[in-house]
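# Results of the structural survey
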Amino acid sequence: VDRPPRCLLRNLIRTVPMKTVAALSLLASASAFAPASTGSRAATSLAAEKSTALPFLPYPENLKGYVGDVGFDPFRFSDFVPMDFLREAEIK
């Protein structure tokens, strides 16, 4: 009397050649590095002005017009504290 296999995976390993399993695993891992399809791209605004001091951050709008401005405000203090107060605190 032939018993049914205890585990489907064991049965699959016995019947599928190891070269096939290796090839399928290589294909699966290679697909992770394939470029995404560019058929339909979302419209994004890449024209945002970048900071001169930190080119990977957007330019802080509250710094415009001040002497010595190169866009250095990595913690964005100018967004929640008035610039006049920040300038006065810097001079003291």
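All residue numbers here refer to positions counted from 1 along the written sequence of the relevant chain. It should be noted that, the model being predicted, local features are given only for residues of pLDDT at least 70 and side-chain atom pairs only at 80 or more, the latter also being counted only at that level, while totals for whole chains, interfaces and linings use all residues. Note that water and hydrogens are dropped before the side-chain values are worked out from all heavy atoms of the structure.

### What about the overall build of the protein?
In terms of helices and strands, the protein carries three helices and zero strands. Scanning the protein from its N terminus toward the C terminus, one meets helices and strands in the order α-α-α. A buried classification covers 11% of the 92 residues belonging to the protein. Within the protein, residue pairs in contact and separated by at least 24 positions form 0% of the contacts whose partners lie at least 6 positions apart. About 8,500 Å² of surface is accessible on the protein, with carbon and sulfur atoms providing 64% of the total. Starting at the N terminus, helices and strands are each numbered in turn, a helix being any DSSP run of H or I of at least four residues and a strand any DSSP run of E of at least two. Exposure classes here rest on a 1.4 Å probe applied to the protein chains alone. A residue is buried below 20% of its type maximum, exposed above 50%, and partly exposed in between. It only takes one pair of heavy atoms within 4.5 Å for two residues to be counted as in contact. Accessible surface area values rest on a Shrake-Rupley calculation with a 1.4 Å probe, where residue burial reflects the displayed protein chains alone.

### Here's the deal with the pattern of salt bridges
By definition, a salt bridge exists where a carboxyl oxygen of Asp or Glu is found within 4 Å of a side-chain nitrogen of Lys or Arg. Inspection of the entire model under this criterion finds three salt bridges. Residue Glu49 is joined to Lys64 by a salt bridge in which the shortest nitrogen-to-oxygen separation is 3.5 Å. Placement of the pair is Glu49 in the loop between helix H2 (18-30) and helix H3 (83-91) and Lys64 in the loop between H2 and H3, with a sequence separation of 15 residues. The partly exposed category is assigned to Lys64, whose relative accessible area is 43%. Linked by salt bridges that have partners in common, Glu49, Glu61 and Lys64 make up one network.

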